[in-house]
Amino acid sequence: MARKNQIKRMQKQRSVLLKRMIKPTDQRLKAEDRAKTAKPNKKSTDGELKTIERTQVSSAMFFQYNTQLGPPYHILVDTNFVNFSIKNKLDIVKTMMDCLYAKCTPYITDCVQAELEKLGPKYKLALRIIKDPRFERLPCMHRGTYADDCLVQRVTQHKCYIVATNDKDLKRRIRKIPGVPIMNVALNRYVIERMPDAFEPMAKK
């Protein structure tokens, strides 16, 4: 009985304390204080949860390092890379292997081949080079023949590629994608950038 009386007494004290609290409609409150204590309207959209879309991080990435990169290297070749290689009289596959000191497999997408075909008879040599059996073909499912968007989309989805290009705009776009190295033609040889230290072909002296 004593315990029940004690519980009832505590409940009464709580109810008294609750009654003592100032209500938002109290006349003693100023307009500013009343706005603070007022309950938010359920119909207002301010309190609704906002969904934020974030790009999913690839499982191949270990912090800044791409764990899917390693010999044999898979290299996506762009249109102008083939043309620059011909101007500098470089054998594409051999010079790639000299740059990376490992086996390299160059890949040509359908849109890159279509771009070379559109350029006309001046680029017959480039077409003959990319039809070499050492080059592997990648079928394209998208519409149109704009290769830059295709290459960016591929390296965003699959982190196992190195992009070979001399196009400044394409290089700027690929630099925004973490873990994708870029190969380009410079000083009569191939240069690689953004390669992880574990697979760096040339040690910095």
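Right above here is the structure, for reference.
Residues numbered from 1 in each chain as written. Predicted model: local features only at pLDDT ≥ 70, side-chain atom pairs only at ≥ 80, totals over all residues. Heavy atoms only, no water.

Q: An account of the packing of aromatic side chains is requested, with residue identities and associated values reported.
A: Scanning the entire structure with this criterion turns up two aromatic pairs. Between the aromatic rings of Phe81 and Tyr190, the centroid separation amounts to 4.8 Å while the plane-to-plane angle is 45°, which identifies the pairing as tilted. Of this pair, Phe81 sits in helix 3 (residues 79-87) while Tyr190 sits in strand 8 (residues 189-193); the two residues are 109 residues apart in sequence, bridging distant segments of the chain. For the pair formed by Phe81 and Tyr190, the shared burial category is buried. When the ring of Tyr107 is compared with that of Tyr161, the centres are 5.8 Å apart and the planes differ by 80°; the resulting orientation is edge-to-face. Highlighted residues: Tyr107 in strand 4 (residues 104-109) and Tyr161 in strand 6 (residues 161-164), separated in sequence by 54 residues. The ring of Phe84 has Lys87 lying over it, and the distance from NZ or CZ to the ring centre is 5.5 Å. (Phe/Tyr/Trp six-rings, centres within 6.5 Å; stacked < 30°, edge-to-face > 60°. Helix = DSSP H or I, 4+ residues; strand = E, 2+ residues; numbered from the N terminus. Buried < 20%, exposed > 50% of the residue type's maximum accessible area, 1.4 Å probe, protein only. Lys NZ or Arg CZ within 6 Å of the ring centre and 35° of its normal.)

Q: Now, about the sheet that holds strand 8: what can you tell me, with residues and values included?
A: Reading across from one edge, 5-4-3-6-7-8 is the order of the six strands in this open sheet, with mixed pairing throughout. In this open sheet, the two strands that pair with only one neighbour each are strand 5 (136-138) and strand 8. Strand after strand, the sheet turns through a mean of 35° between neighbouring axes, direction not considered. Seen against the sheet, helix 4 (residues 92-100) touches strand 3 (73-77), strand 4, strand 6, strand 7 (182-186) and strand 8 and runs at an angle of roughly 50° to strand 8. Running over the sheet, helix 8 (residues 168-175) touches strand 6, strand 7 and strand 8 and is turned about 150° from strand 7. (Pairing = 2+ DSSP bridges. Axes fitted to C-alpha atoms, helices over the stretch in contact; angles between N-to-C directions. Contact = heavy atoms within 4.5 Å.)

Q: Explain the side chain of Asp148 residue by residue, including any values.
A: Considering the arrangement of structural elements, one finds Asp148 in helix 7 (residues 147-157). Among buried charged residues, Asp148 stands out as having no salt bridge; its nearest opposite-charge side chain is Arg173, 5.0 Å away. (Lys, Arg positive; Asp, Glu negative; His and termini not counted. Salt bridge = Lys/Arg side-chain N within 4 Å of Asp/Glu carboxyl O.)

Q: Provide a residue-level description of the nonpolar core, including the pertinent values.
A: Counting 32 residues, the largest nonpolar core has Ile75, Phe81, Met96, Leu100, Ile162, Met183 and Tyr190 as the members making the most contacts within it. Considering every element that reaches this core, the biggest residue donor is helix 4, with five residues. With 13 residues, the next largest nonpolar core counts Leu151, Val155, Tyr161 and Ile177 among its residues. (Core = buried A, V, L, I, M, F, W, Y, C linked by side-chain atoms within 4.5 Å.)

Q: Quick one: what's the story with the environment of Leu76, residue by residue and with numbers?
A: The topology assignment puts Leu76 in strand 3. Note on Leu76: relative accessible area 0%, which makes it buried. A C-alpha to C-alpha distance of 9.8 Å links Leu76 and Val112, two positions 36 residues apart in sequence. With sequence-adjacent residues up to four places away left out, Leu76 is seen in contact with Tyr107, Thr109, Leu138, Leu151, Arg154, Val155, Tyr161, Ile162, Val163 and Ala164.

Q: So what about the pairing of strand 3? Which residues, and what values?
A: In terms of burial, strand 3 is a largely internal element, four of the five residues being buried. Bridge analysis of strand 3 against strand 4 gives four bridges, and the strand direction is parallel. The residue bridging His74 from the neighbouring strand is Thr105, located in strand 4. Pairing between strand 3 and strand 6: four bridges, direction parallel. Residue His74 lies in a different strand from strand 6, and its bridge partner there is Tyr161.

Q: Tell me about the pattern of salt bridges, and please be specific about residues and values.
A: Under the counting rule described, the total for this entry stands at seven salt bridges. Of the charged contacts in the structure, one is a salt bridge between Glu193 and Arg175, with a shortest N-O distance of 3.0 Å. Here the residue Glu193 occupies a position in strand 8, and Arg175 occupies one in helix 8, the gap between them amounting to 18 residues. By relative accessible area, Arg175 is classed as partly exposed at 41%. Within this structure, Asp91, Asp132 and Arg134 form a network of salt bridges that share partners.

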